[in-house]
Amino acid sequence: MESSVRNNVPTLTALLSIVSLALVFGAVLGVVPEHAIPRAPHWFLEAIPHLNAIISVAAIAIIGTAWHAIRHGHVVRHRAGMLTGLGLFVLFLGLYLYRVSLEGPTEFPGPKTVKQYLYLPILAIHMILAMVCIPLLYYVLLLALSHPVADLPKTNHRRVGRIAASLWLTSFALGVVVYALLYVVY
């Protein structure tokens, strides 16, 4: 199994990315009818943005710590941190898509000029980075899981991982800014 994954990392990355992005766009565009989704209590739906902000801050800290760990040669800590960061990303995305599927996107409550010149550009960059991260994360994850640690320097794991981690951290940070604009500032 490991060698078949190792030999097909780009193909598996593309396949997993297409499926993941289809699920994201399906949820955001309302492909699944709202009545087909079990509805959580109102208090839980209202708590999701706040939970996601906490998840984002935790992910930033964990990914940053994992990046620091690998720079100091601590492979086990790096792997644990990045897998935890991935788990937090999946949790964030699942909660976000669940809420959006049931309630639609949150309207920006602030002034129109702030929405147009600050909120929407930040939101767009956050969303684009999140979508770009999906194939990059699959790629480095599949490389890491299908190669022995000693062989990883011979792959693109380090090079692509740096890009993925940078974009991932930026996306999470911009997500916190979006949260602050929606739920704290306005």
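The rules behind the values
Residues numbered from 1 in each chain as written. Predicted model: local features only at pLDDT ≥ 70, side-chain atom pairs only at ≥ 80, totals over all residues. Heavy atoms only, no water. Helix = DSSP H or I, 4+ residues; strand = E, 2+ residues; numbered from the N terminus. Rg over C-alpha atoms; globule rule 2.2 N^0.38 Å. Buried < 20%, exposed > 50% of the residue type's maximum accessible area, 1.4 Å probe, protein only. Contact = heavy atoms within 4.5 Å. Areas by Shrake-Rupley, 256 points an atom, 1.4 Å probe, with all protein chains shown as cover. Lys, Arg positive; Asp, Glu negative; His and termini not counted. Charge placed at Lys NZ, Arg CZ, Asp CG, Glu CD. Axes fitted to C-alpha atoms, helices over the stretch in contact; angles between N-to-C directions. Left-handed = near helix turned anticlockwise from the far one by under 90°. Phe/Tyr/Trp six-rings, centres within 6.5 Å; stacked < 30°, edge-to-face > 60°. Salt bridge = Lys/Arg side-chain N within 4 Å of Asp/Glu carboxyl O. 1 Å grid on protein atoms, 1.4 Å probe; cavity = no way out; pocket = protein on both sides within 12 Å on 5 of 7 lines; lining within 4 Å. Points joined across faces, edges and corners; volume = space filled by probe spheres on them. Nonpolar A, V, L, I, M, F, W, Y, C, P; charged D, E, K, R; others polar.

Draft legend 1. Geometry of the overall build of the protein chain. Within the protein chain, the secondary structure is distributed over 6 helices and 0 strands. Element order for the protein chain, N to C, with α for helix and β for strand: α-α-α-α-α-α. Over its C-alpha atoms the protein chain spans a radius of gyration of 18 Å, differing by no more than 12% from the 16 Å that the globule rule assigns to 186 residues. With the principal axes as the frame, the protein chain shows a C-alpha extent of 50 × 35 × 30 Å. Across the 186 residues that make up the protein chain, the buried fraction comes to 37%. If you take every contact in the protein chain between residues at least 6 apart in sequence, the share linking residues at least 24 apart comes to 79%. In the form shown here, the protein chain has an accessible surface area of approximately 10,700 Å², with 71% of it arising from carbon and sulfur atoms. One finds the centroid of the 12 positive side-chain charges in the protein chain at a distance of 15 Å from the centroid of its 6 negative side-chain charges.

Draft legend 2. Region of the structure containing the packing of helix α5 (residues 112-146) against helix α6 (residues 157-185). Direction vectors running N to C along α5 and α6 enclose 145 degrees, while the axes themselves pass 7 Å from each other. Considering only the axes of α5 and α6, their crossing is left-handed.

Draft legend 3. Structural detail: the packing of aromatic side chains. Tallied over the entire structure, the rule returns 9 aromatic pairs. Aromatic pair Phe89 and Trp168: ring centres 6.2 Å apart, planes at 85 degrees, arrangement edge-to-face. Taken together, the positions of Phe89 in helix α4 (residues 75-103) and Trp168 in helix α6 put the pair 79 residues apart, joining distant regions of the chain. Of the two residues examined, Phe89 and Trp168, each falls in the buried class. Both rings, one in Phe92 and one in Tyr96, keep their centres 6.4 Å apart while their planes meet at 5 degrees; by these two values the pair is stacked. Here the residue Phe92 and the residue Tyr96 both occupy positions in helix α4, the gap between them amounting to 4 residues, near one helical turn.

Draft legend 4. How the structure looks around the pattern of salt bridges. As enumerated under the stated definition, the model contains 4 salt bridges in all. Among the salt bridges present, the one from Arg99 reaches Glu103, with a minimum N-O distance of 3.8 Å. Residue Arg99 and its partner Glu103 are located together in helix α4, separated by 4 residues, close to a single helical turn. Owing to a relative accessible area of 11%, Arg99 belongs among the buried residues under this scheme. The class for Glu103 is partly exposed, based on a relative accessible area of 32%. Where Lys154 meets Asp151, a salt bridge forms, and the shortest distance between an N and an O atom there is 3.4 Å. Judged by relative accessible area, Lys154 falls into the exposed class, the value being 69%. Ionic contacts of the salt-bridge type, sharing partners, join the residues Glu34, Arg39, Arg99 and Glu103 into one network.

Draft legend 5. Fine view of the layout of surface pockets. By volume, the largest pocket is sized at about 850 Å³. Of all the secondary-structure elements, those providing two or more residues to the lining of the largest pocket are α2 (9-28), α3 (42-71), α4, α5 and α6. Of the residues in the lining of the largest pocket, the class split is 28 nonpolar, 7 polar and 3 charged. Looking at the second largest pocket, its volume works out to about 660 Å³. Around the second largest pocket, the lining is made up of 24 residues, and of these Ile70, His78, Met82, His157 and Arg158 lie nearest the centre. Residue assignment for the lining of the second largest pocket shows that the elements contributing at least two residues are α3, α4, α5 and α6. Examining the composition of the lining of the second largest pocket, we find that 7 residues originate from one element, α6, more than from any other. A breakdown of the residues in the lining of the second largest pocket according to their chemical character gives 17 nonpolar, 3 polar and 4 charged.

Function-wise, these values are silent; they only describe arrangement.
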